[in-house]
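Below, each chain spelled out in residue letters.
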Amino acid sequence: MTEHRPHEDTQKGISRRNFIKNTGLVAGGLVGGSLFGGLLTNQLQKPNAPINSEKEVSHLLEARTFFSNSEDFLILSAATERLFPTDDLGPGAIELGVPYFIDRQLAGEWGMNAKEYMKGPFLQTGVVDAYESQADSTQDQGPNAETQVPTPAFRYQTPMTRGDIFMEGVQALEQTAQEKFKTNFHKLEPKQQDEILQMFDDGKAKMNGVASTTFFNLLLQTTIEGAYADPVYGGNRNMEGWRMKEFPGPRMSYTADIEKEDFIVMKPESLRNYQGH
């Protein structure tokens, strides 16, 4: 069971503190791990033993850089798996590496809102706090709304970074699971996890700083992005998300195939295929 953390901790310093701490650990781990790991493996590895480069790349991609607490990461993983579960069509969020995709995004500029204006005043109140709500109706209001070209509405109205919102949301998932079922969220039955996630979707779960709908929409958005974004960003492992959609990935050109009359089935390619490693 993880402890509920005060909002002040999650609101300002924790993401930066965790980021610095975690990136330091990862950087140190990579440097130290490469150094000492190289010494050890050089001694233990047989001279002609094959090197599994795919396994090494996969191991590096699975290094957490934002979530320092393994319990928090288990909660995040369980939540994404319920939003994108394994079924007859293919793998679910965990097998696709979605939790690691989200972890990497939160550890970067996107997670820290580094390129966004983060000063007040904030329009968000106890009543209006649907940041990135899927049901945005602002553009449907006003005169001649039916004929107006849709325009972007206010989207970010909170002093909390995306990293803060995720940390608060993960803790709120655990808190709700404890209050409702007396056990950890990631240990609940899928039906029970769905029930809690539905509470967040409906805005009925308790969260500090933002509405639970806000966190749910952000979680849903990043889960889908992690399933279908290019594998170079950490998710869509082995391009399995693209295989389910029969999407071939980015191509430099189709000029060699555009004149062909037969239907062409293309093998998926990632941006990594163009990087030469």
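Look above for the structure.
Residues numbered from 1 in each chain as written. Predicted model: local features only at pLDDT ≥ 70, side-chain atom pairs only at ≥ 80, totals over all residues. Heavy atoms only, no water.

Student: Mind laying out the environment of Ala107, listing which residues take part and the relevant values?
Tutor: By the element assignment, Ala107 lies in the loop between α5 (98-106) and α6 (109-112). Taking the C-alpha atoms as reference points, Ala107 and Phe67, 40 residues apart in sequence, are found 8.7 Å from one another. (Helix = DSSP H or I, 4+ residues; strand = E, 2+ residues; numbered from the N terminus.)

Student: Describe the side chain of Asn236, and please don't skip the residues or the numbers.
Tutor: Among the structural elements, Asn236 can be located in the loop between α9 (212-228) and α10 (240-245). Among the polar contacts listed, one links the side chain of Asn236 to the backbone nitrogen of Glu240, at a separation of 3.4 Å. Beyond its immediate stretch of four places on either side in the chain, Asn236 contacts Leu96, Gly226, Ala227, Tyr228, Ala229, Pro231, Gly241 and Trp242. (Polar contact = N/O pair within 3.5 Å; in protein donor to acceptor, adjacent residues only side chain to side chain. Contact = heavy atoms within 4.5 Å.)

Student: Any details on α9? Residues and values, ideally.
Tutor: End to end, α9 covers 25 Å across 17 residues, agreeing with the expected 24 Å (1.5 Å per residue, within 8%). For α9, the tally of buried residues reaches twelve of 17 residues, placing the bulk of the element in the interior. Looking only at α9, the buried set comprises Ser212, Thr213, Thr214, Phe215, Phe216, Asn217, Leu218, Leu219, Thr222, Thr223, Gly226 and Ala227. (Expected span 1.5 Å × (residues − 1). Buried < 20%, exposed > 50% of the residue type's maximum accessible area, 1.4 Å probe, protein only.)

Student: Mind laying out the environment of Arg251, listing which residues take part and the relevant values?
Tutor: For Arg251, the position within the fold is in the segment after α10. The class for Arg251 is partly exposed, based on a relative accessible area of 22%. Distance from Arg251 to Leu271, taken between C-alpha atoms, is 8.9 Å for residues 20 residues apart in sequence. At a separation of 3.3 Å, a polar atom in the side chain of Arg251 contacts the main-chain carbonyl oxygen of Pro248. From its side chain, Arg251 meets the backbone oxygen of Lys267 in a polar contact 2.4 Å long.

Student: How would you explain the pattern of salt bridges if you had to name every residue and give the values?
Tutor: Counted according to the given criterion, the structure contains seven salt bridges. With a shortest N-O distance of 2.8 Å, Arg162 and Glu116 are connected by a salt bridge. Of the two residues, Arg162 sits in helix α7 (residues 162-181) while Glu116 sits in the loop between α6 and α7, which places them 46 residues apart along the sequence. Judged by its relative accessible area of 6%, Arg162 is buried. Across the salt bridge formed by Arg243 and Glu240, the nearest N and O atoms sit 3.5 Å from each other. Note that Arg243 and Glu240 are positioned in helix α10 at a spacing of three residues, about one turn of the helix. Glu240 gets classed as partly exposed once you look at its relative accessible area, which sits at 27%. (Salt bridge = Lys/Arg side-chain N within 4 Å of Asp/Glu carboxyl O.)

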